[in-house]
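An overview of the molecular structure
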Amino acid sequence: MSSIESAGLSAGRVPATLAPIEIARRFSHRRIALVSAALLVLIVVLAFSSDLWLTRDYADQDPLVRNQPPLGDAGLLGTDQLGRDLLARLMFGIRLSVAAAAFGVLVQLAVGVPLGLLAGYRGGWIDSVAMRSVDVMLAVPGLLIALLIGMNIKEQVASGSGAVADVLRSIDRLTAGLTPVFVVLVVFFWVSMARIVRGETRVVMARDFVRAARGLGAGPFRIVVHHVLRNCIAPITVSVALLIPVTMLTEAAMSLVGVGVDPPRPSLGVMIYEGAQQINSFPYQTLVPSITFAAVVLLVGFVGDGLRAALDPTTEQGR
Amino acid sequence: MDDALRIDDLVKEYPIGSGRRRSIVRAVDGVSLRVRRGETLALVGESGSGKTTTALCALALERPTSGEVWIDGREVTGMSPKELRSLRRQAQYIFQDPFASLNPRMSVREIVREPLDIHRVGDSAGRDARVAELLGLVGLAGDAAARSPHQFSGGQRQRIGIARALALSPGLLVCDEPVSALDVSVQAQVINLLMDLQDEHDLAYLFIAHDLAVVRQIAHRVAVMYLGRIVEEGAADEICAKPRHPYTVALMSAAPARPGRGVHRERIVLTGDPPSPIDPPSGCAFHTRCWKAADTCRTVRPPLIELDPGHAVACHFPVRRDTELG
Amino acid sequence: MSANGTIARRVGRTGVVLLVVYAITFVCVRLTPGNPFAARAPRALSPDQQARLERQFGLDDPWPVQFVRYLFRALSGDFGVSYAHQGEDVVDVIVARAWPTMSLVGAALLVGLVVGVPLGVAAALRNDSWFDHLLSGVSTLGVAIPVFVATPVLVIVLSVYAGWLPAQGWDGLISTTAIIPIVVLALEPIAVTARFTRASMIEVLRSDHHRTARARGLARRTVVFRFALRNGLVPVTTITGLQVAGLLGSVVLVESAYNVPGLGKEFLAAITARDYPVVMAATLIFAAVIVVANLLVDVAYARLDPRIRSA
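Residues numbered from 1 in each chain as written. Chains lettered and ligands numbered in written order. Predicted model: local features only at pLDDT ≥ 70, side-chain atom pairs only at ≥ 80, totals over all residues. Heavy atoms only, no water.

**A look at the overall build of chain B**
Note the threshold: Helical segments are the DSSP runs of H or I of at least four residues, strand segments are the runs of E of at least two, and each set is numbered from the N terminus. In this treatment the radius of gyration is a C-alpha quantity, and the globule benchmark scales as 2.2 Å times the residue count to the 0.38 power. Residue contacts are counted whenever heavy atoms from the two residues lie within 4.5 Å of one another. With residues, only the protein chains shown are counted as cover, and all accessible areas are computed by Shrake-Rupley using a 1.4 Å probe. When charges are counted, Lys and Arg are positive and Asp and Glu negative, with His and the chain ends excluded. Lys charges are placed at NZ, Arg charges at CZ, Asp charges at CG and Glu charges at CD.
Looking only at helices and strands, chain B features 10 helices and 12 strands. At 21 Å, chain B has a C-alpha radius of gyration in line with the 20 Å of a compact globule built from 326 residues. Dimensions of chain B, computed from the C-alpha atoms along their principal axes, are close to 65 × 55 × 40 Å. Excluding contacts between residues fewer than 6 apart, the proportion of contacts in chain B whose partners are at least 24 apart in sequence is 64%. Just so you have it, chain B exposes about 14,600 Å², and 49% of that area is on carbon and sulfur atoms. Within chain B, one finds 41 positive and 41 negative side-chain charges whose respective centroids are separated by 3 Å.

**Brief notes about the overall build of chain C**
Looking only at helices and strands, chain C features 14 helices and zero strands. Along chain C, from the amino end to the carboxyl end, the secondary structure elements read α-α-α-α-α-α-α-α-α-α-α-α-α-α. For the C-alpha atoms alone, the extent of chain C along its principal axes is close to 85 × 60 × 30 Å. Nonlocal contacts in chain C, meaning residues at least 24 apart in sequence, comprise 72% of its contacts between residues at least 6 apart. Carbon together with sulfur atoms contributes 64% to the accessible area of chain C, which is approximately 15,000 Å² in total. Taking the 27 positively charged and 19 negatively charged side chains of chain C as two groups, their mean positions are separated by 12 Å.

**Examining the packing of aromatic side chains**
Using the following cut-off: Paired rings are identified among Phe, Tyr and Trp, the last through its six-membered ring, by centres lying within 6.5 Å, and are further divided according to the angle between planes into stacked (under 30 degrees), edge-to-face (over 60) and tilted (the rest). Only protein chains enter the accessibility calculation, which uses a 1.4 Å probe; a residue whose area is less than 20% of its type maximum is buried, one above 50% is exposed, and one in between is partly exposed.
All chains considered together, the criterion is met by 13 aromatic pairs over all chains. When the ring of Tyr247(B) is compared with that of Phe286(B), the centres are 5.2 Å apart and the planes differ by 65°; the resulting orientation is edge-to-face. Taken as a pair, Tyr247(B) in helix H9 (residues 246-254) and Phe286(B) in the loop between H9 and helix H10 (295-299) lie far apart in primary sequence, 39 residues in all. For Tyr247(B), a relative accessible area of 0% translates into the label buried. The buried category is assigned to Phe286(B), whose relative accessible area is 1%. Ring geometry for Trp130(C) against Phe131(C): centres 6.2 Å apart, planes inclined by 90°, an arrangement best described as edge-to-face. Feature note: the residues Tyr22(C), Phe26(C), Phe67(C) and Tyr70(C) constitute an aromatic cluster, connected by ring pairs.

**Observations regarding the sheet that holds strand E1 (residues 5-16) of chain B**
Residue and element names in this part refer to chain B. Definition in use: Here, strands pair whenever DSSP counts at least two bridges between them. Lines fitted to the C-alpha atoms define the axes, with helices restricted to the stretch that makes contact. Angles between their N-to-C directions range from 0 to 180 degrees.
Spatial strand order, E2-E1-E4-E5: four strands in an open sheet with antiparallel pairing. Among the strands making up the open sheet, the edge pair consists of strand E2 (23-35) and strand E5 (74-75). In this sheet, E5 lies alongside strand E4 (residues 66-71) in antiparallel orientation, the contact comprising two bridges. Within E5, the position partnered with Trp-70 by the bridge is Glu-75. Here helix H1 (residues 51-58) sits on the sheet in contact with E1, E2 and E4, set at roughly 115° to E1.

**Considerations on the pattern of salt bridges**
Pairing is possible between side chains that carry opposite charge, provided their charged atoms lie close to one another. Here is the rule we go by: Between Lys or Arg on one side and Asp or Glu on the other, a salt bridge is scored when a side-chain nitrogen of the former is within 4 Å of a carboxyl oxygen of the latter.
If you walk through the whole model with that rule in mind, you get 34 salt bridges over all chains. Where Asp166(A) meets Arg169(A), a salt bridge forms, and the shortest distance between an N and an O atom there is 3.0 Å. Of the two residues, Asp166(A) and Arg169(A) are both situated in helix H8 (residues 163-174); the distance of three residues between them amounts to about one turn of the helix. With relative accessibility at 22%, the residue Arg169(A) sits in the partly exposed group. For Arg113(B), the salt bridge identified is with Asp128(B), shortest N-O distance 3.0 Å.

**What to know about the sheet that holds strand E9 (residues 221-226) of chain B**
Residue and element names in this part refer to chain B. Reading across from one edge, E6-E7-E8-E3-E9-E10-E12-E11 is the order of the eight strands in this open sheet, with mixed pairing throughout. The open sheet terminates on both sides in strands that have one partner only, identified here as strand E6 (91-94) and strand E11 (305-308). Averaged over neighbouring strand pairs, the angle between their axes works out to 20° when direction is ignored. Sheet topology places strand E7 (residues 172-176) next to strand E8 (residues 204-209); five bridges connect them, and they run parallel. Looking across to E8, one finds that Val-174 is bridged to Leu-206.

**A closer look at the interface of chain A and chain C**
Bring the parts together and some accessible area is lost; that lost area is often taken as the interface size. To keep things clear, this is the line we draw: We define a polar contact as two N or O atoms separated by no more than 3.5 Å, with the added condition that, inside protein, one atom must be a possible hydrogen donor and the other a possible acceptor, whereas residues neighbouring each other in sequence contribute only through side-chain atom pairs. Polar here means any residue outside two lists: the nonpolar Ala, Val, Leu, Ile, Met, Phe, Trp, Tyr, Cys and Pro, and the charged Asp, Glu, Lys and Arg; Gly therefore counts as polar.
With 46 residues of chain A at the interface, the matching set in chain C holds 53 residues. If you look at where chain A meets chain C, you find one residue pair in polar contact (both at pLDDT 80 or more). At the level of secondary structure, the elements contributing two or more residues to the side of chain A that touches chain C comprise helix H1 (2-11), helix H6 (124-139), helix H7 (142-159), helix H12 (220-257) and helix H14 (284-311) of chain A. In terms of residue count, the dominant contributor to the side of chain A that touches chain C is H7(A) (11 residues). When its residues are assigned to classes, the side of chain A that touches chain C shows 28 nonpolar, 11 polar and seven charged.

**Observations regarding the pairing of E6(B)**
Residue and element names in this part refer to chain B. Both faces of E6 are covered, namely the face carrying Ala-91 and Tyr-93 and the face carrying Gln-92 and Ile-94. Bridge count between E6 and E7: four bridges; the pairing is parallel. Within E7, the residue paired with Ala-91 across the bridge is Leu-172.

**Considering helix H13 (residues 268-276) of chain A**
Of all nine residues in H13(A), seven are buried; the element is thus mostly enclosed. Among the residues of H13(A), those classed as buried are Leu268(A), Gly269(A), Val270(A), Met271(A), Ile272(A), Glu274(A) and Gly275(A). Buried residues in H13(A) make contact with helix H5 (86-122), H12 and H14 of chain A together with helix H7 (147-161) of chain C. Measuring from the side-chain oxygen of the N-cap residue of H13(A) to the backbone nitrogen of Gly269(A) gives 3.1 Å; that N-cap residue is Ser267(A).

**What to know about the packing of H7(A) against helix H12 (residues 263-273) of chain C**
Where we set the bar: Note on angle classes: values under 35 degrees are labelled roughly parallel, values over 145 roughly antiparallel, values of 65 to 115 roughly perpendicular, and the remainder oblique. Two helices crossing with the near one rotated counterclockwise from the far one by less than a right angle form a left-handed crossing, whereas a clockwise rotation gives a right-handed crossing.
Orientation of H7(A) relative to H12(C), taken along the N-to-C sense of each, is 15°, at an axis distance of 10 Å. One element, H7(A), and the other, H12(C), form an angle in the roughly parallel class. Along this stretch, H7(A) crosses H12(C), giving a crossing that reads as right-handed. Of H12(C), the residues touching H7(A) (which contributes Leu144(A), Leu147(A), Leu148(A) and Met151(A)) are Phe267(C), Leu268(C) and Ile271(C). Here the residues of the contact of H7(A) with H12(C) sort into seven nonpolar, no polar and no charged.

**Digging into the domain arrangement of chain B**
Residues and elements named next belong to chain B. What counts, and what does not: An automatic or database domain assignment supplies the start and end points of every domain. Defined here as a combined quantity, buried area equals the accessible surface (1.4 Å probe) lost by two parts on assembly, summed across both.
Once the domains are mapped, chain B shows domain 1 (3-90 + 170-324) and domain 2 (102-168). Between the C-alpha centres of domain 1 and domain 2 the distance comes to 30 Å. If you look at the interface, domain 1 gives 16 residues, while domain 2 gives 14 residues. It is Arg-85, Arg-89 and Leu-193 in domain 1 that bury the most area against domain 2; as a group they hold 37% of the surface buried on that side. Taken together, domain 1 and domain 2 are joined by three residue pairs in polar contact (both at pLDDT 80 or more). With eight residues, the top contributor of residues to the side of domain 1 that touches domain 2 is helix H6 (residues 184-201). Considered class by class, the residues forming the side of domain 1 that touches domain 2 number 10 nonpolar, two polar and four charged.

**Topic: the environment of Glu233(B)**
All names here are of chain B. Tracing the sequence through the fold places Glu-233 in strand E10 (residues 229-235). With 11 residues separating them in the primary sequence, Glu-233 and Arg-244 have C-alpha atoms 9.7 Å apart. For Glu-233, the contacting residues outside a window of four places in its chain are Ser-32, Arg-221, Val-222, Ala-223, Ile-239, Gly-310, His-311 and Ala-312. A polar side-chain atom of Glu-233 sits 2.8 Å from a polar atom in the side chain of Arg-221.

**Things to note about the environment of Ile71(B)**
All names here are of chain B. In this fold, Ile-71 is placed in strand E4. Taking the relative accessible area as the measure of exposure, Ile-71 reaches 1% and is therefore buried. Ignoring anything within four residues of it in the chain, the contact list for Ile-71 reads Ala-4, Leu-5, Ala-58, Leu-59, Val-76, Leu-87, Ala-91 and Leu-172.

**Structural notes on the interface of chain B and chain A**
Every contact between the two is made by 23 residues of chain B and, on the other side, 22 residues of chain A. Carbon and sulfur atoms make up 52% of the surface buried where chain B meets chain A, a total of about 2,000 Å² over both sides. Counting across the chain B and chain A interface gives 13 residue pairs in polar contact (both at pLDDT 80 or more). If one sorts the elements of the side of chain B that touches chain A by residue count, helix H3 (residues 108-118) of chain B sits on top with five residues. Grouping the amino acids of the side of chain B that touches chain A by side-chain chemistry returns nine nonpolar, five polar and nine charged.

**Brief notes about the UniProt feature "transmembrane region" (unreviewed entry) in chain C**
Residues and elements named next belong to chain C. Put simply, the rule reads: UniProt positions are given in the numbering used here, feature names are shortened, and annotations may be inferred rather than shown by experiment.
UniProt's entry tags residues 12-32, 104-125, 137-161, 173-192, 233-258 and 278-301 with the feature "transmembrane region" (unreviewed entry), counted in the numbering of this structure. For residues 137-161, helix accounts for 92% and strand for 0%, while the C-alpha atoms at its two ends are 27 Å apart. Between the C-alpha atoms that bound residues 173-192 there is a distance of 24 Å. The span itself is 70% helix and 0% strand.

Dropping the structure here:
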């Protein structure tokens, strides 16, 4: 997870001189990014409306149509070893991916951004503590710790006692079994955003217009919201876009390993894992979710690249 | 009547380095100034002389190490945040770089409205009307409000900055080299604007500059700074025509003379850079570059003494008027 | 600030990171409800037996005591006894499985450099050509596709359909079984290394220093390979260090998907079996490898970068 984050870090330094309309125009000139964004919207809409246009539920088993290949009589994408409709499962899996991505974005915006602003604005010991913890977080074996936390939360939900376990259980009912994933996202996904926003804040704070605002009598709130935050929008956007694939990847990996979403709920990770058990006889069963996952992640990546280029005034236009 | 601004024995030190190599730079070393209402005092000196630090301390944008600042008869040093806020209505700052001092993410309307929003002046419609009025005052078209700063030239941006500074009708403007980043042709327009505004609104200016042509045009009085200290102060005409401190003499001779005066002056070129404020020279700080320096200058720091009424010089061997450089 | 002082501080920070990892691991493991003994006992354990087992493994002491005791034992190389492997020493369990994991990670890093650097240099020299654009597209792909997707896809193509390579297993690093895991693991290092090499080389090639060398009449080939490459590769070392952390995560998933009997697979099995001693030891070892790799990179960086050396 860390190398993708580091790629995001280096992209964070974007001069803040483009107006929003200009950014939208530049983005719309990048064809690949625009097409990717449109496809993503289409996929998300299809996934969340699948109950309306699909006849079978993701958990419906039909012993008569087991292991049917795609494009056959048993649905567009065929069925798995229990005779469940792969298309329905795929659509539900995408919903889980989107949920993980949305929550990851929430963590970045609701935890990472305020923390970065606070550390950058106040400096001092708050800054030292925050940045030391960022250093540590970037040096730990992320996936292993994520799996450990996932294991812990799963067991808490399954058999824990006490107030914490009760809270986790009620969260789990609300989140369709995504609690372990959400906890991991909270633990890890504020880090790079806090670092980027903190650095950006310090750059902006040193600029004359912040001094001018103070000279006008502006208080800390106004300076942070109207001056600092407004000038951090570009790096924040880029960071969010770059980390969305990582959040989806985290959900899939955790579910695949068994510390994420439980069967029969089909995370794409679970589908890849279950399909791989029959890779010799029915390769399509792991190929379909694999390719779907890769495609979605890639589309998000293209949108992120397009945003980054659109927000960076030094790149040339029109590709 | 109280002075618009009075500074008494201001000292500002900055720590530099860290650990064992930590030391202190004295950027401003005992500066005293007064600006009367409706008057322009120009603060002149090379970069690094402590002009901007003095200005920032004057408006409590930097915390002075020691000394006192009075604005409109109220002591600024030691004000509570609330008192400081109300002070902002009396004194405003105009920045040197019109590109850095306007938030690129705000529209011109938001920028000029910000002081009105902060101090809750009137209602929303009233504030917008005031913005339009201010933009007219500084000579910008009415449609400027909806645009963003990067669509304007440097001169226009500085006008926006002036409109923002005037929004709260302050009595004192601290102008930190407001035209030095602009084209020469635009400089004159902005200077004229500032002079007109002074006449109309009875404004006092603390005007920081290194360009003496600008100073001649706008200033009533001039104070010359060198390495954190004031070395000469007096009426603008007098300082320009008959400087007494060798440093001022050198500055004046470097500036292009006003056409039509017909006074021939010998050009004195200062050699070397100003010494580092980290390790200032002993005695008179200027002795390392002064052609009149004697032993006394290296050991004894000359006090600022009023040689003529309203004209003070800090020099052991002030240049005699008329004779030396007639 | 001296380079030695910086490195000394980094070493100190490394200790802090390991301690934090240990604390997180300890809390995660000890806070996990569920009973490691009940899970693998053939019959329900009586309260007596349960208490005896807990006493035997020291699980009845207060947490702080367990925390400190385990920490000091770990520092002296004693990680206890595995619950799952019939009383086998954890160190033995780990050592027996470390080689496939470390050799896969090392090989992937090497492949990443050997393939990524020339690609990046080529793209930098042909900046904005079709090759450059192709590489940037492909590297987006390499970063985006996770290993647990790439593994089954490669297995299907190369093993199931083509029949060239085995579909799973491990016969050592020098065998056909190592090819798919190494390729899968190396995708991201190749992509990231190529990107950073390209960006860094373009910067160096634009610099005044480089122009001067060209103006002195040196051949482009000489300039690129003798001067630009040396300066351009300095930032790449940092990226290589960061990749170790990512690779140690990926290798867990690859081993699981390709059925390689390494540390990663053991870690997953230990998580499923609640084999706490093995889980803790494996996490600490992975963390140690990451911080040591980063430390080595810092040292290498300080030696390579003339600016740091002179400062």
